Amino acid sequence: MAHCNRGGRPERRKPSSLHNPLAQTLGLDSAGRNILVELAQGHATIEIIRYKNDARLRKQLFVAEAFAHPAKGHISMWQEMVLRYSKEGDTILDPMAGVGTSLVAALMGRNVICLEMEQHFVGPMRLSWEKMRNIPMLGYPVGEAVILRGDARALPLQSADSIITSPPYANRLADTY
């Protein structure tokens, strides 16, 4: 279950029961979810953030085919990362875009480049962008979105202001060690 404070901001809580030594050391929850890692000046800060269920908003923004992806990024998590690590007008790259939850950044006045290797996710991502681009968020101008099929190991661009992604293997971290 997710928790937000009265202002709609995520509430920081201590992790629930931990099941492996790496998770205990890092402070991850048992599934390795809802984790925000900040790296700055050689130090890592890890926060456990729990968000409200985003199913209702996801249904408004995404086409039904996008729900088939097994590791959809939480919309509120994306909004938080976009606000923390970019400013209006910036270009954000998501090199492992899946079905395109990172497209919410374009609804927040950022330009977004979504790269996804698997064609069966690129199609729903494009359809979702057509649906969501007409839904403004909190008064931001709508940014540009570029959706590409390709491999994150061979990025087809010169630069981006921020790279924000949710790797598809994050839920396996606790099982790895």
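In case you missed it, the structure is sitting above this.
Remember, it's a predicted structure, so these values are computed and weren't measured experimentally.

Caption draft 1: Expanded view of the sheet that holds strand β5 (residues 111-116). Strand order in the open sheet formed by four strands is β6-β5-β4-β7, with parallel pairing between adjacent strands. Single-partner strands in this sheet number two, and they are β6 (145-149) and β7 (162-163). Where strand β4 (residues 91-94) and β7 come together, two bridges link them in parallel fashion. Bridging from a neighbouring strand, Leu93 pairs with Ile163 of β7. The strands touched by helix α4 (residues 119-132) are β5 and β6; relative to β6, the strand with the most contacts, the crossing angle is about 165 degrees.

Caption draft 2: Examining the environment of Glu116 more closely. Along the chain, Glu116 falls in strand β5. In this structure the C-alpha to C-alpha distance between Glu116 and Asp151, which are 35 residues apart in sequence, comes to 6.8 Å. Those residues in contact with Glu116, other than ones at most four positions away along the chain, are Met96, Ala97, Gly98, Phe121, Val122, Met125, Leu148, Arg149 and Gly150. Here the side chain of Glu116 touches Gly98 through a polar contact of 2.6 Å, landing on its backbone nitrogen.

Caption draft 3: Summary view of α4. End to end, α4 covers 20 Å across 14 residues, agreeing with the expected 20 Å (1.5 Å per residue, within 8%). Of all the positions in α4, only Phe121, Val122, Pro124, Met125, Ser128, Trp129 and Met132 are classed as buried. Buried residues in α4 make contact with α2 (55-61), β5 and β6.

Caption draft 4: Highlighting the pairing of β5. For β5, the tally of buried residues reaches five of six residues, placing the bulk of the element in the interior. Here β4 pairs with β5 via four bridges, running parallel. From the neighbouring strand, Thr91 faces β5, where its bridge partner is Asn111.

Caption draft 5: The arrangement of the nonpolar core in detail. With 30 residues, the main nonpolar core has Leu61, Leu103, Cys114, Trp129, Met132 and Ile147 as its most contacted residues. Of all the secondary structure elements, the ones that give two or more residues to this core are α3 (75-85), β5 and α4. Sequence-distant contacts of Trp129, that is, excluding residues within four places in its chain, are made with Leu103, Ala106, Leu107, Val142, Gly143, Ala145 and Ile147.

Cut-offs and rules
- Residues numbered from 1 in each chain as written.
- Predicted model: local features only at pLDDT ≥ 70, side-chain atom pairs only at ≥ 80, totals over all residues.
- Heavy atoms only, no water.
- Pairing = 2+ DSSP bridges.
- Helix = DSSP H or I, 4+ residues; strand = E, 2+ residues; numbered from the N terminus.
- Contact = heavy atoms within 4.5 Å.
- Axes fitted to C-alpha atoms, helices over the stretch in contact; angles between N-to-C directions.
- Polar contact = N/O pair within 3.5 Å; in protein donor to acceptor, adjacent residues only side chain to side chain.
- Expected span 1.5 Å × (residues − 1).
- Buried < 20%, exposed > 50% of the residue type's maximum accessible area, 1.4 Å probe, protein only.
- Core = buried A, V, L, I, M, F, W, Y, C linked by side-chain atoms within 4.5 Å.

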